[in-house]
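Read off the chains here:
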Amino acid sequence: YSILVVDTKSNFRVAINDTEMFTAASVNKIPILAALYIGIQNGEIDPDQVITVQQEDIQDYGSGSIRYDGAGSTYTIKTLGRLMMQQSDNTAAYILANHIIGMDTIQSLLNEWGMIQTDMINNKTANNDVFKIMKKIYQGNIANPAYTQEMLAFFKDTEFEDRIPGLLPKTVQVYHKIGSEIGFMHDMGVVVAPNITYYIGILTSDITNEKEATKLMAEISKLIYDYMK
């Protein structure tokens with residue numbers, strides 16, 4: 001386990017293995033979204049451009065609905081961004097990273113931001129790196145206020161609400177991204193409640209019981225929330 005909690009309003013920080021590298025799984029969709037909105041903000045990418053999915057784009061594994069719609073289906077770039085985050089759609093992520101933005105562009109941005117333990121090609125990251133990018137997104141340092149709100153909306157009400165948000169009150173806002181692969185289960189994001197805002201990241205490896213790990217992640221999150229409150 002790697003666990004990192006950082007209060008955005010004070011110097012409170014608790015870290016366990018926060019600089020240890022893990023297989024990122026779908027957590028590395030966060031940098032794709034950030035790079036996408038920098039391109040949109042700079043006028044280099046049109047969020048309303050319609051993309052037609054090609055057969056070779058379809059990533060027939062994991063989560064997401066685009067692979068079932070098949071080749072020839074069409075989506076705006078903005079919709080691809082939303083599906084990449086809310087459904088963790090792998091086809092959307094592939095199209096955005098490889099055809100719209102470029103993996104080199106994404107990696108260059110991460111290097112510039114000091115995310116030296118995040119490797120997009122080899123799908124690796126560390127908790128402290130994810131904190132850096134989530135802080136940038138949440139505090140509006142990626143794009144203007146309107147685009148920032150658009151991005152944050154994609155982190156909310158996802159199809160995977162049983163980890164960090166699992167045991168938290170429904171009134172609490174959780175902007176987060178999960179990651180799942182065989183043996184790996186992650187969830188990281190920003191929790192916002194009256195008078196408290198904090199980053200929480202939980203990365204795991206060598207998981208053999210996903211149900212048990214999900215329950216434990218929700219319990220860790222609730223413990224942290226109760227303490228921060």
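What you see is a predicted model; the values in this text were computed from it and never measured. (Residues numbered from 1 in each chain as written. Predicted model: local features only at pLDDT ≥ 70, side-chain atom pairs only at ≥ 80, totals over all residues. Heavy atoms only, no water.)

1. A closer look at the layout of surface pockets
Rolled over the atoms, a probe sized like a water molecule indicates the empty space that remains.
Link 1 in the chain: The calculated volume of the largest pocket comes to roughly 540 Å³.
Link 2 in the chain: Taken together, 23 residues form the lining of the largest pocket, with Ala25, Lys29, Tyr61, Asn90 and Asn123 sitting closest to its centre.
Link 3 in the chain: For the lining of the largest pocket, the secondary-structure elements that each account for two or more residues are α1 (29–41), α4 (90–101) and β7 (173–181).
Link 4 in the chain: Considered class by class, the residues forming the lining of the largest pocket number 11 nonpolar, 10 polar and two charged.
Link 5 in the chain: What lines the second largest pocket is Lys156, Asp157, Glu161, Pro165, Leu168, Pro169, Lys170, Val172, Gln173 and Val174. (1 Å grid on protein atoms, 1.4 Å probe; cavity = no way out; pocket = protein on both sides within 12 Å on 5 of 7 lines; lining within 4 Å. Points joined across faces, edges and corners; volume = space filled by probe spheres on them. Helix = DSSP H or I, 4+ residues; strand = E, 2+ residues; numbered from the N terminus. Nonpolar A, V, L, I, M, F, W, Y, C, P; charged D, E, K, R; others polar.)

2. Considerations on the side chain of serine 73
Link 1 in the chain: When you line up the elements, serine 73 lands in the loop between α2 (66–69) and β5 (74–76).
Link 2 in the chain: A distance of 2.7 Å separates the side chain of serine 73 from the backbone oxygen of glycine 70, its partner in a polar contact.
Link 3 in the chain: Beyond its immediate chain neighbours, meaning those up to four positions away, serine 73 contacts Ile51, Thr52 and Val53. (Polar contact = N/O pair within 3.5 Å; in protein donor to acceptor, adjacent residues only side chain to side chain. Contact = heavy atoms within 4.5 Å.)

3. Describing the environment of lysine 211
Link 1 in the chain: Summarising the element assignment, lysine 211 is placed in helix α8 (residues 210–228).
Link 2 in the chain: Taking the relative accessible area as the measure of exposure, lysine 211 reaches 72% and is therefore exposed.
Link 3 in the chain: For the pair lysine 211 and asparagine 123, spaced 88 residues apart in the sequence, the C-alpha separation amounts to 24 Å. (Buried < 20%, exposed > 50% of the residue type's maximum accessible area, 1.4 Å probe, protein only.)

4. Some words on the pairing of strand β2 (residues 13–16)
Walk down a regular strand and you will see the side chains alternate between the two sheet faces.
Link 1 in the chain: Pairing between strand β1 (residues 2–7) and β2: four bridges, direction antiparallel. Within the sheet, the bridge partner assigned to leucine 4 lies in β2 and is alanine 15. (Pairing = 2+ DSSP bridges.)

5. As for the environment of glycine 140
Link 1 in the chain: In this structure, glycine 140 sits in the loop between α6 (127–138) and α7 (145–155).
Link 2 in the chain: C-alpha separation for the pair glycine 140 and leucine 152, spaced 12 residues apart in sequence, amounts to 9.9 Å.

6. Considering empty space enclosed by the protein
Link 1 in the chain: With the rule as written, the count across this model stands at one cavity of 30 Å³ or more.
Link 2 in the chain: The volume enclosed by the largest cavity comes to roughly 50 Å³.
Link 3 in the chain: Thr8, Phe131, Met134, Lys135, Tyr138, Gln139, Val190, Tyr198 and Tyr199 together form the lining of the largest cavity.
Link 4 in the chain: Of all the secondary-structure elements, those providing two or more residues to the lining of the largest cavity are α6 and β9 (196–203).
Link 5 in the chain: With four residues, α6 is the largest single contributor of residues to the lining of the largest cavity.

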